[in-house]
Amino acid sequence: MKSKKSQGMRKSTFVCLLVLVVLLSSVGIGYFYYKEMLQGESLAYSYEKVKDLNEESFTYKIAKLFYTEEEIANIKDNHVEEVMKDEVIEDDDSIEIRRVYGSSYEGVMMIVHNPEDISVAVNPNMATGGAGPSLDEYVKMYNALGGINAGGFIDVGGYGNGGTPWGIVIHKGELLAGNLNEYVPIIGIDEEHRLICVDGTAKDALSWGIQEALTFGPVLINNYQVAYKEGSGNLPMLNPRTGIGQRSDGAFILLTIDGRGPSSFGALYEDIVDVFVENDCGMAANLDGGNSTAMIYDGEYINVPVSMKGSRNLPTVFLVRGDN
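For clarity, every value in this text was computed on a predicted model and none was experimentally measured.

**Q** How should the overall build of the protein be read in this particular structure?
**A** Each helix and strand counted, the protein has seven helices and 18 strands in total. Long-range pairs, those at least 24 residues apart, make up 66% of the contacts in the protein with a sequence separation of at least 6. Accessible surface, the protein as shown: approximately 16,300 Å² in total, 53% of it carbon and sulfur.

Spelled out as structure tokens, the structure:
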């Protein structure tokens, strides 16, 4: 027969083990809770949490389990590139696809090393004001490897169908839409496959030998000088963004920033200026963003468009290795 003392010792051991299991479970749950909050899959959310931390707070001490003090400082100063380097996810000979990150956004950058691989496609129904194709339709139509949305269009109430472009459209050296003397932001490509980003008129663009041109903006960089003025431009808050730039070696950079989602809130104009400056772009401009932002590579959307249906109907697009 077991003694009461022995039974008591066993109960005491069981209680101690139970308390230990509960404590370890609590520590584990707490660790993963803070890990997801401060360094989780939704980096934009996590970075916003880190940016708001007080150095005297308990959560700040927890954050130091996941980041160095220098990394925390970089996040607070919006220098997230020092925390997470661009991740190469594809490499097709002269084309690179990289993930880019900021304190409030995630995005995709396509680097097209051969400038002759970039072309512009326009809405075949533009003369009649008919709806433009979606980005995936353009890509299929011209057997392109990829592409992004480009110029703006009249979009009353968000119901625009890409049939009436905003500003000017020049295609193959001819003015297809807009006024010769209307002063607008011009995003164009000349006969030497050079990107031209400047405010001017269609008449100016044609005199400069620009073969392809469309309108949106603001112009971000012109001749290696930042042209964007803080606070200017349409919707200067966090938003999905599309942009285009060209490096000194001639490579084109196509950029999309996701927004209005749980893992990426969007970017400011200043954010995409920084991306283009860091990538040695002598010319760069903001393209139509928001619900229009879309990027396709090898038959698939590689950004996260706002609409679950993918691309909107568009008046113009930039294509990569298209037959047009």
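That covers the picture; the talk isn't over yet.
**Q** What is the right way to look at the sheet that holds strand 18 (residues 316–320) in this model?
**A** An order of 4-18-5-16-17 is seen for the five strands of this open sheet, with the pairing classed as antiparallel. In this open sheet, the two strands that pair with only one neighbour each are strand 4 (118–122) and strand 17 (300–301). Taken together, the two bridges between strand 16 (residues 295–297) and strand 17 define a ladder with antiparallel strand orientation. From the neighbouring strand, Tyr297 faces strand 17, where its bridge partner is Glu300.

**Q** Whenever I open this one, unusual backbone geometry confuses me. Can you help?
**A** Gly217 connects to Pro218 through a cis peptide bond whose omega is 10°. Note on placement: Pro218 falls in the loop between strand 10 (210–214) and strand 11 (219–222). We note that Lys172 has phi near 55°; this positive angle belongs to a residue other than glycine. A relative accessible area of 55% means that Lys172 is categorised as exposed.

**Q** I tried to follow the nonpolar core on my own but got confused; where do I start?
**A** One broad trend across soluble globular proteins is that nonpolar side chains are buried collectively. Of all hydrophobic cores here, the largest spans 31 residues; its most connected members are Met110, Ile187 and Phe318. Each residue touching Met110, except ones within four places of it in the same chain, is listed here: Ile95, Glu96, Ile97, Phe252, Ile253, Leu254, Met295, Ile296, Tyr297 and Val320.

**Q** Explain the side chain of Arg312 to me, please; I cannot follow it from the model alone.
**A** On the secondary structure map, Arg312 appears in the loop between strand 17 and strand 18. Under the relative-accessibility criterion, Arg312 is labelled buried at 15%. Within the structure, Arg312 has its side chain in polar contact with the backbone oxygen of Gly158 (distance 3.1 Å). Contacts of Arg312, omitting those with residues within four sequence positions, involve Pro133, Ser134, Leu135, Phe153, Asp155, Gly158, Tyr159, Gly160, Asn291 and Ser292.

Cut-offs used in this document
Residues numbered from 1 in each chain as written. Predicted model: local features only at pLDDT ≥ 70, side-chain atom pairs only at ≥ 80, totals over all residues. Heavy atoms only, no water. Helix = DSSP H or I, 4+ residues; strand = E, 2+ residues; numbered from the N terminus. Contact = heavy atoms within 4.5 Å. Areas by Shrake-Rupley, 256 points an atom, 1.4 Å probe, with all protein chains shown as cover. Pairing = 2+ DSSP bridges. Buried < 20%, exposed > 50% of the residue type's maximum accessible area, 1.4 Å probe, protein only. Core = buried A, V, L, I, M, F, W, Y, C linked by side-chain atoms within 4.5 Å. Polar contact = N/O pair within 3.5 Å; in protein donor to acceptor, adjacent residues only side chain to side chain.

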